[in-house]
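Here's the letter readout for the chains.
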Amino acid sequence: MMQSLLSKELLYPAMKDIADKFPDWLADNRSKISEEQYDKHNKQYDLTRRICFKFEEEKEGVEESDEVKKTRFDMIMNLMQEMQALGHPPKELTGESSPAFQFDAEGNPIFPGGGDPSQCCVQ
């Protein structure tokens, strides 16, 4: 289940959108937020870019070994966990209800179909 939730088809468009918007948001809000918030958002920006780069390594029409796919999945999972530890990206970047990138009040991902993340065998 986690592999389908972290698939390129589901997650990449939202992450790419956030990564593309982050530089302008950081520049526009530099003087409006604390140094701590600015550093946190810079880390989020870096993580979104790194996640996008990992997805972009996946080439259409090219068959990859299971080992390569697993390594990429593990790296994306680790990057997403780092991202989650930093909290939500600015709402101006994610929107109020971005369908592919939603979290609950504690910062846990909201699974399609109401799945309980504590029941995930990957965690």
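All values derive from a computational prediction rather than experimental measurement.

Procedures and definitions
Residues numbered from 1 in each chain as written. Predicted model: local features only at pLDDT ≥ 70, side-chain atom pairs only at ≥ 80, totals over all residues. Heavy atoms only, no water. Helix = DSSP H or I, 4+ residues; strand = E, 2+ residues; numbered from the N terminus. Expected span 1.5 Å × (residues − 1). Buried < 20%, exposed > 50% of the residue type's maximum accessible area, 1.4 Å probe, protein only. Contact = heavy atoms within 4.5 Å. Salt bridge = Lys/Arg side-chain N within 4 Å of Asp/Glu carboxyl O. pLDDT = per-residue confidence, 0-100. Core = buried A, V, L, I, M, F, W, Y, C linked by side-chain atoms within 4.5 Å.

1. Observations regarding helix α4 (residues 66–85)
For α4, built from 20 residues, the straight-helix expectation of 28 Å at 1.5 Å per residue is met to within 8% by its first-to-last C-alpha distance of 28 Å. All of the buried residues in α4 are R72, F73, I76, M77, L79, M80 and M83. In the segment just after α4, G87 is the residue with positive phi, at about 90°.

2. Considerations on the environment of N42
Along the chain, N42 turns up in helix α3 (residues 35–56). Exposure remark for N42: the relative accessible area of 27% places this residue in the partly exposed category. Once the C-alpha coordinates of N42 and F22 are considered, the two residues, 20 residues apart in sequence, prove to be 8.4 Å apart.

3. Overview of the environment of I76
With respect to the helices, strands and loops of the structure, I76 is situated in helix α4. A residue is classified by how much of its surface remains accessible, and I76, at 3% relative accessible area, is buried. In contact with I76, not counting residues within four places along its chain, are K54 and F55.

4. Focus: α3
Here α3 contains 22 residues, and its C-alpha end-to-end distance of 31 Å stays within 8% of the 32 Å for a straight helix at 1.5 Å per residue. Among the residues of α3, those classed as buried are Y38, H41, Q44, Y45, L47, T48, I51, C52, K54 and F55.

5. Here we look at the pattern of salt bridges
The tally for this structure, following the rule as stated, stands at nine salt bridges. When the shortest N-O distance is used, the salt bridge between E57 and R72 registers 3.9 Å. Here E57, found in the loop between α3 and α4, pairs with R72, found in helix α4; they are 15 residues apart in sequence, far enough to count as distant. Residue R72 is classed as buried on the basis of its relative accessible area, which comes to 7%. Between D74 and K70 there is a salt bridge, with its nearest N and O atoms 2.8 Å apart. Placement of both D74 and K70 in helix α4 is noted, with a separation of four residues, approximately one turn of the helix. One connected set of salt bridges, linked through shared partners, spans K54, E57, E64 and R72.

6. Overview of the confidence of the model for the protein
Within the protein, residue pLDDT values average 81, and 72% of them lie at 70 or more. Of all secondary-structure elements in the protein, the lowest mean pLDDT belongs to helix α1 (residues 2–5), at 56, while α3 reaches the highest, 95.

7. Comments concerning the nonpolar core
If you look at the biggest cluster of nonpolar residues, it comprises 12 residues: L11, Y12, M15, A19, L47, I51, C52, F55, I76, L79, M80 and M83. Listed by contribution, the elements that provide at least two residues to this core are α2 (8–29), α3 and α4. When sequence neighbours within four positions are dropped, the list of residues in contact with A19 reads Y45, T48, R49 and C52. Core analysis: the next-biggest nonpolar cluster, separate from the first, contains seven residues, F22, W25, Y38 and L93 among them.

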